[in-house]
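Remarks on the overall topology
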Amino acid sequence: MIILLSIVVVLLALALITMQGRYVHLKKSIDKGKVSMYDKLRDSEEDKTRLKRQLTQNVAHELKTPVSSIQGYLETIVSNPDIDKETRDQFIQRCYAQSRRLSNLLADISTLNKLDDAPQEYEFQPVNIPDLLQSIQRDVSMQMEDKHVTFRALVDPEVAVDGNPSLLYSIFRNLTDNSIAYGGEGVTITVQVLSESADFYTFSFSDNGPGVASEHIPHLFERFYRIDKGRSRKMGGTGLGLAIVKNSVLLHHGNISVRLGIAGGLEFVFTLPKAAYACCKCVVALLCFLSPLVIWKKIITLGIIYLFLLTGVSHKIHFFMKKVFAALAALAMMVAVVSCEYNS
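Residues numbered from 1 in each chain as written. Predicted model: local features only at pLDDT ≥ 70, side-chain atom pairs only at ≥ 80, totals over all residues. Heavy atoms only, no water.

A word on the nonpolar core. If you look at the biggest cluster of nonpolar residues, it comprises 36 residues, and the most contacted ones within it are Ile129, Ile171, Phe172, Phe203, Phe268 and Phe270. At the level of secondary structure, the elements contributing two or more residues to this core comprise α3 (129-139), α5 (165-182), β4 (188-196), β5 (200-207), α7 (241-251), β6 (256-260) and β7 (266-273). With five residues, α5 is the single largest residue contributor to this core. Other than its neighbours up to four places away in sequence, Phe172 contacts Ile129, Leu132, Leu133, Ile136, Val191, Phe203, Phe205, Phe270 and Leu272. With 12 residues, the next largest nonpolar core counts Leu105, Ile109, Leu240 and Leu251 among its residues. (Core = buried A, V, L, I, M, F, W, Y, C linked by side-chain atoms within 4.5 Å. Buried < 20%, exposed > 50% of the residue type's maximum accessible area, 1.4 Å probe, protein only. Helix = DSSP H or I, 4+ residues; strand = E, 2+ residues; numbered from the N terminus. Contact = heavy atoms within 4.5 Å.)

This is the structure we're talking about:
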């Protein structure tokens, strides 16, 4: 009996030692994880601070140019009251052009800040892409006529995206403005859907202009990055258009890349989520299939509620709900088949 008790005590002691060792190892792992997480957070905060500081410096530099130009022209007019009317009108026109550039710059900075700091303020809804492209063509028709630009929208009429109308307009408008401004005379712009999955369309936006040197490709989405700074400012560019395009695509849970086009120029390839009501057709078809079965009244009711949610919930919730309902629909289909076989 004493020997048995001794063995039990020894085993308990070994168990305690082992548990203590595992506790120490676990504590060290947790502490190490905390340190690693703290380092990552610290690095992230440092990166954010550095980027904000860099952005502030770039903004100050970009604002300085139009403000200095406006101030110089106005000082000349004020200091020379006898200046001839033609010169004065010319200076006023230049002041107006610089003020518009300043206004565009402030608007682009505001958009980027909202994308970074308050993306939840953007509301999503189904947006028909062919209608959006037609609207852009109307808005830039004069610029296209001046440069003999051809706009080819090879997108089916039913293609619709779940997104914010203003941001989606900004995506295609900024790309169009870039092609018109830097593509040269007689350039052809082509917009098409390369492919589609269950949830996303993959769009291609390309032109056959001169393009850019390959070393510039990795930097095109950087804020205030310009290939030809003098020419870009002369054309009225803010240097933020492609940054807005990228951030807008990312806000829609898509991705974007740029490459040299096969026919010259640049090709932007990006994904955007399909409109919610495109998924509603599948849901309605499923509900019609299940409607003869009285047992599925609750499922049909939940499906109808889901249809309302598709047009009312936020974008992130919509993606989650769609996945959940797809799984439930598949399960319901299996049970329905089994139930039909059992009843027969």
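So, about the sheet that holds strand β2 (residues 150-154). Taken together, five strands build an open sheet; the order of strands is β2-β4-β5-β7-β6 and the sheet is mixed. Of all strands in the sheet, those bounded by a partner on one side alone are β2 and β6. The average angle at which neighbouring strand axes cross in this sheet is 20°, direction not considered. Direction of pairing for β4 relative to β5: antiparallel, over a ladder of seven bridges. Residue pairing across strands places Val191 opposite Phe205, the latter belonging to β5. Here α5 sits on the sheet and contacts β2, β4, β5 and β7; the angle it forms with β7, its principal contact strand, is near 175°. (Pairing = 2+ DSSP bridges. Axes fitted to C-alpha atoms, helices over the stretch in contact; angles between N-to-C directions.)

Moving on to the side chain of Glu267. Topologically, Glu267 is positioned in strand β7. A polar atom in the side chain of Glu267 sits 2.6 Å from the side chain of Ser204. (Polar contact = N/O pair within 3.5 Å; in protein donor to acceptor, adjacent residues only side chain to side chain.)

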